[in-house]
Amino acid sequence: MGVSLEAGRTVFVVRETAERRLTMHIQKATAADLPKAMQCYEEIIDKTPGIEHLAMWRKGQHPTEETILSYINKGEFYILWDHETIAGMMALANGISETYRTVNWITKATDTEAAELHVLGVSPDYQGKGIARQLIHKALCLCKENGKKVLRLDVIGTNTVAKKLYPSQGFVFCDTGHLSIRGYEDMEFLFYEQRLSK
């Protein structure tokens, strides 16, 4: 799997065969992309086994159109496209959210020095093909380009997949906390970060 720049966009060479060269590109989303993004999230919820334990996602509760549109309007939502089809999505939020202010982070950072990775999702048709790792890689590159000091994220305690994925990509466990959100009471979350500069 390779990464190259082409006409101002990042292009991922996912698979190379004699018959077909399959490439994907990641772009900042616009409001026009919202319907396709929400359709993809619904497919993830419908078709990913154990999604409620992996991400606490429920139709109409999380992720919501309002949440995703807010990320889009702030220029913080990215889509990985395979031609006209969404392969994966993520929000890369600037600053430190209220929930994250009480976490015992290893890296001290101001609002302008920190970013947060949220609602990373991979279409069921593309799961198991390294798409999540490519999205994480792009998030880290964007943070570095924008002078961020650290990228942070949270994982629900029951998400065994994410608890393996993020450390394998260089993220370090920082803290555990309990949150009551989205209709869930006192859920355990694990908080990770990756330092990007000294």
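Draft legend 1. Molecular detail of the overall build of the protein. For the protein, the helix and strand inventory stands at five helices and nine strands. When the helices and strands of the protein are listed from N to C terminus, the series reads β-β-β-α-α-α-β-β-β-α-β-α-β-β. Scored against the burial criterion, the 198 residues of the protein give a buried share of 51%. Taking the intrachain contacts of the protein between residues at least 6 apart in sequence as the baseline, contacts between residues at least 24 apart amount to 64%. About 10200 Å² of surface is accessible on the protein, with carbon and sulfur atoms providing 49% of the total.

Draft legend 2. Expanded view of helix α1 (residues 34–47). With 14 residues, α1 should cover 20 Å at 1.5 Å per step; its first-to-last C-alpha distance of 20 Å lies within 8% of that length. Within the span of α1, buried status applies to Leu34, Ala37, Met38, Cys40, Tyr41, Ile44 and Ile45. Along α1, the residues classed as buried sweep out an arc of 155° about the axis, all on the same side. Exposed side chains of α1 directed beyond 90 degrees from the buried face belong to Pro35, Asp46 and Lys47.

Draft legend 3. Inspection of unusual backbone geometry at higher detail. Geometrically, the link from His62 to Pro63 is a cis peptide bond, its omega value of -5° lying close to zero. Within the secondary structure, Pro63 is located in the loop between α2 (51–55) and α3 (65–73). Backbone geometry at His83 places phi at a positive 60°, although glycine is not the residue there.

Draft legend 4. Structural view of the nonpolar core. By size, the foremost hydrophobic cluster in this structure holds 30 residues, and its most contacted members are Leu117, Leu120, Leu151 and Tyr166. Those elements that place two or more of their residues in this core are β3 (21–28), β4 (77–82), β5 (85–94), β6 (114–122), α4 (131–145), β7 (150–156), α5 (160–168) and β9 (187–195). Counting residues per element, this core draws most heavily on α4, at eight residues. Not counting residues within four places of it along the chain, the set of residues in contact with Leu117 comprises Met90, Ala91, Ile136, Ala139, Leu151, Arg152, Leu153 and Tyr166. Grouped together as the second largest cluster of nonpolar side chains are 22 residues, Ile44, Ile68, Ile72 and Ala93 included.

Draft legend 5. Layout of the packing of aromatic side chains. Inspection of every chain in the model, using the stated rule, returns seven aromatic pairs. Ring centres 5.3 Å apart and planes at 50° place the aromatic pair Tyr100 and Trp105 in the tilted group. With a relative accessible area of 2%, Tyr100 lands in the buried category. Judged by centre distance (5.7 Å) and plane angle (90°), the ring pair of Tyr100 and Phe191 falls under edge-to-face. One end of the pair, Tyr100, is in the loop between β5 and β6; the other, Phe191, is in strand β9, with 91 residues separating them in the sequence. The exposure class of Phe191 is buried, given its relative accessible area of 3%. What links up through ring pairs into an aromatic cluster is the set Tyr41, Trp57 and Phe77. The positively charged end of Lys129 is found above the aromatic ring belonging to Tyr126, 5.6 Å away from the centroid.

What counts as what
- Residues numbered from 1 in each chain as written.
- Predicted model: local features only at pLDDT ≥ 70, side-chain atom pairs only at ≥ 80, totals over all residues.
- Heavy atoms only, no water.
- Helix = DSSP H or I, 4+ residues; strand = E, 2+ residues; numbered from the N terminus.
- Buried < 20%, exposed > 50% of the residue type's maximum accessible area, 1.4 Å probe, protein only.
- Contact = heavy atoms within 4.5 Å.
- Areas by Shrake-Rupley, 256 points an atom, 1.4 Å probe, with all protein chains shown as cover.
- Expected span 1.5 Å × (residues − 1).
- Arc of directions from axis to C-beta.
- Core = buried A, V, L, I, M, F, W, Y, C linked by side-chain atoms within 4.5 Å.
- Phe/Tyr/Trp six-rings, centres within 6.5 Å; stacked < 30°, edge-to-face > 60°.
- Lys NZ or Arg CZ within 6 Å of the ring centre and 35° of its normal.

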